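# Structural features, examined
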Amino acid sequence: MLSQHDVVEPDLFYLSHERAAQVLTAQNARGAPELVIEIASQGTRKRDETLKRRLYERDGVTEYWVVDPELDAIRVYRRAGDQFDRAVELTSERADVLSTPLLPGLEIALTRIFAGPASGASS
């Protein structure tokens, strides 16, 4: 993804129908999706917040979300011109709601995202 020399594998990504026609090939995705989501862990957090963020920013990703389950937080980077604006940090503690202009009508409470296992589920 991104370029011939910069290959990354995001945890999740979103492509609109229009963008998919430009990016997807029979073998792989070549180019930047509109939205990239990385799930941070102790082993990936620094790379997600530095190297990957810079690559996604450089190559035209519209939004980049870093989901941090350890902190019950999501950092949202949105494109402003040719770079990302400063990250907006949403937290479960503040009962923030995640939304994006890329998916009108999507509103998800972080308390729902970071809720523990469904009640009645066995461990």
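Residues numbered from 1 in each chain as written. Predicted model: local features only at pLDDT ≥ 70, side-chain atom pairs only at ≥ 80, totals over all residues. Heavy atoms only, no water.

## Focus on the pairing of strand 3 (residues 63-68)
Judged by how many residues are buried, strand 3 sits mostly within the fold: six of six residues are covered. The sheet contact formed by strand 2 (residues 35-39) and strand 3 spans five bridges and is parallel. Bridge assignment links Glu 38 to a residue of strand 3, and that residue is Val 66. With helix 2 (residues 45-58) bridging strand 2 and the parallel strand 3, this β-α-β connection has right-handed handedness. Pairing of strand 3 with strand 4 (residues 73-80) involves six bridges; the strand directions are antiparallel. When the bridges of strand 4 are listed, Asp 68 appears paired with Ala 73. In this structure, the hairpin formed by strand 3 and strand 4 is closed by a connection of four residues, where Asp 72 is found at a positive phi of approximately 50°. (Buried < 20%, exposed > 50% of the residue type's maximum accessible area, 1.4 Å probe, protein only. Helix = DSSP H or I, 4+ residues; strand = E, 2+ residues; numbered from the N terminus. Pairing = 2+ DSSP bridges. Right-handed = clockwise from strand over helix to strand, strands pointing away.)

## Let's talk about the packing of aromatic side chains
Counted under the stated rule, the structure contains three aromatic pairs. Each ring, one from Tyr 77 and one from Phe 84, has its centre 5.9 Å from the other, and the planes form 45°; the classification is tilted. (Phe/Tyr/Trp six-rings, centres within 6.5 Å; stacked < 30°, edge-to-face > 60°.)

## A look at the pattern of salt bridges
Enumeration over the complete set of coordinates arrives at 10 salt bridges. The residue Asp 48 makes a salt bridge to Lys 52 at a minimum N-O spacing of 4.0 Å. Of this pair, Asp 48 and Lys 52 both sit in helix 2, four residues apart, roughly one helical turn. Given the relative accessible area of 2%, Asp 48 is considered buried. According to the relative accessible area criterion, Lys 52 is buried, its value standing at 8%. For Glu 63, the salt bridge is made with Arg 78, and the minimal N-O distance between the two is 2.9 Å. Here Glu 63 is found in strand 3, whereas its partner Arg 78 is found in strand 4, with 15 residues between them in sequence. (Salt bridge = Lys/Arg side-chain N within 4 Å of Asp/Glu carboxyl O.)

## Topic: unusual backbone geometry
Here the phi dihedral of Asp 72 falls at roughly 50°; this positive angle occurs in a residue that is not glycine. Residue position: Asp 72 is located in the loop between strand 3 and strand 4. We note that Ala 95 has phi near 60°; this positive angle belongs to a residue other than glycine. Tracing the sequence through the fold places Ala 95 in the loop between strand 6 (88-91) and strand 7 (97-99).

## Quick word on the nonpolar core
As a rule of thumb, nonpolar side chains are buried together in soluble globular proteins. The biggest cluster of nonpolar side chains holds 10 residues, and these are Leu 35, Ile 37, Trp 65, Val 67, Ile 74, Val 76, Leu 90, Leu 98, Leu 110 and Phe 114. At the level of elements, strand 2, strand 3 and strand 4 are the ones that each hand at least two residues to this core. Not counting chain neighbours up to four residues away, the residues in contact with Ile 37 comprise Pro 10, Asp 11, Leu 12, Trp 65 and Val 67. Core analysis: the second largest hydrophobic core is formed by nine residues, Ala 40, Tyr 64, Tyr 77 and Phe 84 among them. (Core = buried A, V, L, I, M, F, W, Y, C linked by side-chain atoms within 4.5 Å. Contact = heavy atoms within 4.5 Å.)

Interpretation in functional terms is not warranted from these geometric data alone.
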